[in-house]
Amino acid sequence: MSDKKIMAVWTIELNVNCPKCEHRFDITDEPDFWEFAGIKHAGQEKENCEATCPKCGHEFKCDFVY
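Rules used in this analysis
- Residues numbered from 1 in each chain as written.
- Predicted model: local features only at pLDDT ≥ 70, side-chain atom pairs only at ≥ 80, totals over all residues.
- Heavy atoms only, no water.
- Helix = DSSP H or I, 4+ residues; strand = E, 2+ residues; numbered from the N terminus.
- Rg over C-alpha atoms; globule rule 2.2 N^0.38 Å.
- Buried < 20%, exposed > 50% of the residue type's maximum accessible area, 1.4 Å probe, protein only.
- Contact = heavy atoms within 4.5 Å.
- Areas by Shrake-Rupley, 256 points an atom, 1.4 Å probe, with all protein chains shown as cover.
- Lys, Arg positive; Asp, Glu negative; His and termini not counted.
- Charge placed at Lys NZ, Arg CZ, Asp CG, Glu CD.

Asks: What is the right way to read the overall build of the protein from this model?
Replies: Each helix and strand counted, the protein has one helix and four strands in total. Along the chain direction, N to C, the helices and strands of the protein fall in the order β-β-α-β-β. Against the 2.2 N^0.38 benchmark of 11 Å for 66 residues, the protein shows a C-alpha radius of gyration of 15 Å, more extended than a compact globule. Principal axes of the C-alpha set define a box for the protein whose edges measure 55 × 25 × 20 Å. By residue count, 24% of the 66 residues in the protein fall in the buried class. Counting only contacts in the protein whose residues sit at least 6 apart along the sequence, the fraction spanning at least 24 positions is 34%. In the structure as shown, the protein presents an accessible area of about 5,700 Å², 50% of it carried by carbon and sulfur atoms. A gap of 3 Å separates the mean positions of the 8 positive and 13 negative side-chain charges of the protein.

Structural data, given as structure tokens:
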């Protein structure tokens, strides 16, 4: 067997559809998501989080569910 380490990579996504244009996007792609969303760990539920669609700019609130 090889001594080379094999890595498994976690993938975290928080997907939502914009209620205006239906564009599906990952809220965690926002540059300041982890700093300003108040989320301490992946899978944490939250209500009324503000989001902005990167495609049409529509601002809306959504709930995080796991």
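Additional details are given in the paragraphs that follow.
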